[in-house]
Amino acid sequence: MPSESMRNEVRLLRFLAQDMTQAELGKRVGLTRQTIAAIEQGRYSPSLDVAFRIAHVFGKRIDEIFHWQPGDDPH
Amino acid sequence: MSPLEKRAWLGLLSMGLPYCVYFGVLIALPHWQATFLERIGFLAAVSLVHAAAYVTGLLVMRRQEAGESVLQDERDQAIDSRATRRAYFMMLASMLLVGVIMPFESSGWALANTGLLCVVLTEAVRCLLVAAGYRWPRHAV
């Protein structure tokens, strides 16, 4: 499940970017506010395309924002 | 709550009550001696209640969502396509039952009502899967 193996720093980066709102970030990367909230809570792992767009908004590399850890279940 | 999730719950609730009444009556009165027009009238009334409840709900939602984006993003599309894919297989199986197997034993209203029940159940399952999709963790497609 995504929440077990994927973590991200989106919430922290939003805070550091003058407390950018979820809606504002969503608008810049083409997602809804609800989806940004789901990503932050680990309930949704975005596509690679969206992950790159989020990284671009914050001026970071993708691996500085999204962290994957192998779990017990390979699926 | 996402607009798509709200619409899924609306679809489920607006459809659930009228068709529960419809099929409840049919189950409670298995030997209902009604004319064709009475039966069609009953079905039309139930369908109208469903349509009116859904349209009213949609109008209320649009009013509440004024100014907020209701466009679907990749998560909405992933959830919707998963739910629709699963419901499609349910529809396929139920139509095989109604259209291929049942005609050998049944006809008329029994066939029509079973077909209608399958359509209602398929749509209910689709709505439930969409609503549940927002609760379970998901990957993008």
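Use the structure listed above.
Residues numbered from 1 in each chain as written. Chains lettered and ligands numbered in written order. Predicted model: local features only at pLDDT ≥ 70, side-chain atom pairs only at ≥ 80, totals over all residues.

Chemist: How should I be thinking about the overall build of chain B in this particular structure?
Modeler: The secondary structure content of chain B amounts to four helices and one strand. When the helices and strands of chain B are read in sequence order from the N terminus, they spell out α-α-α-α-β. By principal-axis analysis of the C-alpha atoms, chain B measures approximately 50 × 30 × 20 Å. Looking at the 141 residues of chain B, the share that counts as buried comes to 17%. (Helix = DSSP H or I, 4+ residues; strand = E, 2+ residues; numbered from the N terminus. Buried ≥ 20, exposed ≤ 12 C-beta atoms within 10 Å, placed from the backbone.)

Chemist: What am I meant to see in helix α4 (residues 108-133) of chain B here?
Modeler: Turn by turn, an α-helix covers 3.6 residues, leaving residues three or four places apart pointing in a common direction. Compared with the 38 Å implied by 1.5 Å per residue over 26 residues, the 38 Å span of α4(B) between its first and last C-alpha is a close match. Looking only at α4(B), the buried set comprises T122(B), R126(B), C127(B), L129(B), V130(B), A131(B) and G133(B). (Expected span 1.5 Å × (residues − 1).)

Chemist: Just to check I follow, could you spell out helix α1 (residues 3-28) of chain B for this structure?
Modeler: Residue and element names in this part refer to chain B. Here α1 spans 37 Å end to end across 26 residues, near enough to the 38 Å set by a 1.5 Å rise per residue. At G16, α1 shows its strongest bend, of approximately 30°, with the proline P18 following within four residues. Inspection of α1 places L4, A8, G11, S14, M15, Y19 and Y22 among the buried residues, and these make up the whole buried set. (Bend = angle between axes of the 7 residues up to and from the residue.)

Chemist: Help me understand the packing of α1(B) against helix α2 (residues 36-64) of chain B in this model?
Modeler: Helices that pack against each other are described as a pair by the angle of their axes relative to one another and the distance between those axes. Residue and element names in this part refer to chain B. Two elements in contact, α1 and α2, have axes whose closest approach is 9 Å; the angle formed by their N-to-C orientations is 160°. Viewed along their axes, α1 and α2 adopt a mutual orientation that is roughly antiparallel. Here the hand of the crossing between α1 and α2 comes out right-handed. Seen from α1, the contacting residues are K6, L10, G11, S14, M15, P18, Y19, V21 and Y22; seen from α2, they are L43, V46, V49, H50, A53, Y54, G57, L58 and M61. Here the contact of α1 with α2 is composed, by residue class, of 13 nonpolar, four polar and one charged. (Axes fitted to C-alpha atoms, helices over the stretch in contact; angles between N-to-C directions. Parallel < 35°, antiparallel > 145°, perpendicular 65-115°, else oblique. Left-handed = near helix turned anticlockwise from the far one by under 90°. Contact = placed C-beta atoms within 7 Å. Nonpolar A, V, L, I, M, F, W, Y, C, P; charged D, E, K, R; others polar.)

Chemist: What am I meant to see in the packing of helix α3 (residues 74-101) of chain B against α4(B) here?
Modeler: All names here are of chain B. Remark: α3 packs on α4, axes separated minimally by 8 Å, with the N-to-C direction vectors making an angle of 160°. Regarding the angle of α3 to α4, the classification is roughly antiparallel. Note that α3 runs across α4; the crossing there is right-handed. Two secondary-structure elements touch here, α3 through I79, D80, R82, A83, T84, R86, A87, M90, M91, S94, M95 and V98 and α4 through L111, T114, G115, C118, T122, V125, R126, L129, V130 and G133. For the contact of α3 with α4, the per-class residue count stands at twelve nonpolar, six polar and four charged.

Chemist: What should I look at first to understand the nonpolar core in this one?
Modeler: The nonpolar side chains of soluble globular proteins are, as a tendency, buried together. With 13 residues, the main nonpolar core has V29(A), I39(A), V50(A) and I54(A) as its most contacted residues. Looking at this core, the elements that each hand over two or more residues are α2 (10-16), α3 (22-29), α4 (33-40) and α5 (48-58) of chain A. If we ignore the near neighbours within four places in the chain, the residues touching I54(A) are V10(A), V29(A) and I65(A). Listed in part, the ten residues of the second largest apolar core include A8(B), A83(B), L129(B) and Y134(B). (Core = buried A, V, L, I, M, F, W, Y, C linked by C-beta atoms within 7 Å.)

Chemist: Would you explain the environment of A37(A) in this entry?
Modeler: Residue and element names in this part refer to chain A. Tracing the backbone through its elements, the reader meets A37 in helix α4. Residue classification places A37 among the partly exposed residues on the basis of 18 C-beta atoms within 10 Å. For A37 and E24, which are 13 residues apart along the polypeptide, the C-alpha to C-alpha distance reads 12 Å.

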